[in-house]
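Descriptive structure summary
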Amino acid sequence: MRTKLSTLLITGILLVLVSCTSSKEEACCENKVTSNIDYVDPYIGGMGHLLHPTRPNVQLPNQMIRMHPMRTDFLDDQISFFPLSIISHRKGELFGILPGQENREHRTWQDGQMYDHDLEIVRPNYYSTYLIDADIKTEFTPGSKSGFFRFTFPENGNRILKLQINHEGKWDIISNNSVSGEEQFFGMKAFVYGEFSQDSKASLGEQTRIDKKRKTSRQEPGSWFEFPENGNQVIDFKYAISFISVEQAKANLNKEITAWDFDELK
């Protein structure tokens, strides 16, 4: 009797040990690529009921480049643009970019692009969303003074990127794959220099900015970059910002992002 009980007991202990070991091995395999960043939720504390909501910034610790998709609030189902950086909470944005498939006169550029929170990934060092109507995947990862956008367009259709100024300023088209901009805000100036991974047909113009909340509108400078339909579906845009000059912004970009490798910066 004791022998049977001992055998059963030993067998049970061995099964528990095997089970625990397997669970630990599985957990180890599943979690071997995770880090503390994977447990950070930028949305926590960001949905204000009475006051202005905070935004889920994608930003390296204490660095200059901060990005969050521009929308009225958490319930807004359209993204109006992706800023290249944020001045400060409730103080506005610096420059902006938005992908699309429509020509310049289409209202998409005024109304924004439809998205879904369930298709959005927000981490301190990475952002991704899917623009439903345009069928475009947008990704972003920040540097210290630079940023890297990746836009994956559908196989067929136009491939257009729009850059905008949010205050007073201007754009300068340097070449068919590079651009610079200047923006004035609160008595200061910001400068940006950016490059595209493909050549484009570039043009300058203006767009009407509509503020749904304040029910106002104004004209603002914009630049449109149209890429060949037979080119690569993935269009990268890397840029850097300076508060000194365009030349300094270009130097910041060359120092931080030397190659067209989104995953390396991510």
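The structure displayed is predicted, hence computed values, not measured ones.

**Points about the overall build of the protein**
- Looking only at helices and strands, the protein has 4 helices and 16 strands in total.
- Looking at the protein as a whole, 41% of its 266 residues are labelled buried.
- Put simply, of all contacts in the protein between residues at least 6 apart along the chain, 57% involve residues at least 24 apart.
- Element-wise, carbon and sulfur atoms account for 52% of the exposed surface of the protein, whose accessible area totals about 14,900 Å².

**Digging into the pairing of strand 12 (residues 178-185)**
- Of all 8 residues in strand 12, 7 are buried, a share of seventy percent or more.
- Counted along the chain from strand 11 (residues 168-175) to the antiparallel partner strand 12, the turn is 2 residues long.
- Strand direction decides the pairing type here: strand 12 and strand 13 (residues 188-196), joined by 8 bridges, are antiparallel. Looking at the pairing, valine 179 lines up with glycine 194 of strand 13.
- The loop that links strand 12 with its antiparallel partner strand 13 comprises 2 residues; one of these, phenylalanine 186, has a positive phi angle of about 50°.

**Remarks on the sheet that holds strand 13**
- Taken in spatial order, the 8 strands make up an open sheet running 6-7-8-9-16-13-12-11, and their pairing is antiparallel. The sheet is open, and its two borders are formed by strand 6 (121-123) and strand 11, each paired with just one other strand. Pairs of neighbouring strands in the sheet enclose a mean axial angle of 15°, with direction left out of account.
- Here 5 bridges tie strand 7 (residues 126-131) to strand 8 (residues 136-142), and the two strands are oriented antiparallel to one another. Bridging across to strand 8, tyrosine 127 finds its partner in phenylalanine 140.
- Its contacts with the sheet place helix 3 (residues 246-256) against strand 9 (146-152), strand 12, strand 13 and strand 16 (234-242), and it is angled at close to 125° to strand 16.

**Concerning the side chain of glutamate 139**
- Along the chain, glutamate 139 falls in strand 8.
- On the basis of relative accessibility, which here comes to 10%, the residue glutamate 139 falls in the buried class.
- Engagement of the side chain of glutamate 139 in a polar contact is seen with the side chain of tyrosine 126, the distance being 2.6 Å.
- Here glutamate 139 is in contact with Tyr126, Tyr127, Ser128, Phe148, Phe149, Arg150 and Phe262, once residues within four sequence places are set aside.

**Things to note about the packing of aromatic side chains**
- On inspection of all chains with the given rule, the structure shows 15 aromatic pairs.
- Between phenylalanine 95 and tryptophan 171 the ring centres are 5.5 Å apart and the planes differ by 50°, which places this aromatic pair in the tilted class. With phenylalanine 95 in the loop between strand 3 (92-94) and strand 4 (96-100) and tryptophan 171 in strand 11, the pair connects residues that are 76 residues apart, well separated along the chain. Comparing phenylalanine 95 with tryptophan 171, the two get one shared label, buried.
- A cation over a ring is seen here: lysine 238 above tryptophan 260, with NZ or CZ 4.3 Å from the ring centre.

**Points about the environment of tryptophan 109**
- The topology assignment puts tryptophan 109 in helix 2 (residues 108-111).
- Along the primary structure tryptophan 109 and lysine 162 are separated by 53 residues, whereas in three dimensions their C-alpha atoms are 8.1 Å apart.
- Ignoring any residue separated from it by four or fewer positions in sequence, one finds tryptophan 109 in contact with Leu98, Pro99, Gly100, Glu102, Asn103, Arg104, Ile160, Lys162, Gln207 and Trp224.

**Digging into helix 3**
- All buried positions along helix 3 are accounted for by Ala249, Asn252 and Leu253. Each buried residue of helix 3 sits inside an arc of 100° when the element is viewed along its axis, so together they form one side. For helix 3, the exposed residues lying more than 90 degrees away from the buried face are Glu247 and Lys255.
- Structurally, helix 3 contributes buried residues whose contacts are with strand 9, strand 13 and strand 16.

**Quick notes on the confidence of the model for the protein**
- The predicted model of the protein averages 83 in pLDDT, with 80% of residues at 70 or higher.
- Low confidence marks residues 14-29, where pLDDT is under 50. Its contacts with residues over four positions away, or in another chain, come to 0 contacts.

**Some thoughts on the nonpolar core**
- Within the largest apolar cluster, 42 residues are counted, with the highest numbers of intra-cluster contacts made by Leu84, Phe95, Ile97, Phe149, Phe237 and Tyr239.
- Counting residues per element, this core draws most heavily on strand 16, which supplies 4 residues.
- Every residue in contact with isoleucine 97, bar those within four places of it in the chain, is listed here: Phe81, Phe82, Leu84, Phe149, Phe151, Leu161, Lys162, Leu163 and Phe237.
- In terms of nonpolar packing, the next biggest core, distinct from the first, is built from 8 residues, Tyr193, Ala240, Leu253 and Ile257 among them.

Basis of the calculations
- Residues numbered from 1 in each chain as written.
- Predicted model: local features only at pLDDT ≥ 70, side-chain atom pairs only at ≥ 80, totals over all residues.
- Heavy atoms only, no water.
- Helix = DSSP H or I, 4+ residues; strand = E, 2+ residues; numbered from the N terminus.
- Buried < 20%, exposed > 50% of the residue type's maximum accessible area, 1.4 Å probe, protein only.
- Contact = heavy atoms within 4.5 Å.
- Areas by Shrake-Rupley, 256 points an atom, 1.4 Å probe, with all protein chains shown as cover.
- Pairing = 2+ DSSP bridges.
- Axes fitted to C-alpha atoms, helices over the stretch in contact; angles between N-to-C directions.
- Polar contact = N/O pair within 3.5 Å; in protein donor to acceptor, adjacent residues only side chain to side chain.
- Phe/Tyr/Trp six-rings, centres within 6.5 Å; stacked < 30°, edge-to-face > 60°.
- Lys NZ or Arg CZ within 6 Å of the ring centre and 35° of its normal.
- Arc of directions from axis to C-beta.
- pLDDT = per-residue confidence, 0-100.
- Core = buried A, V, L, I, M, F, W, Y, C linked by side-chain atoms within 4.5 Å.

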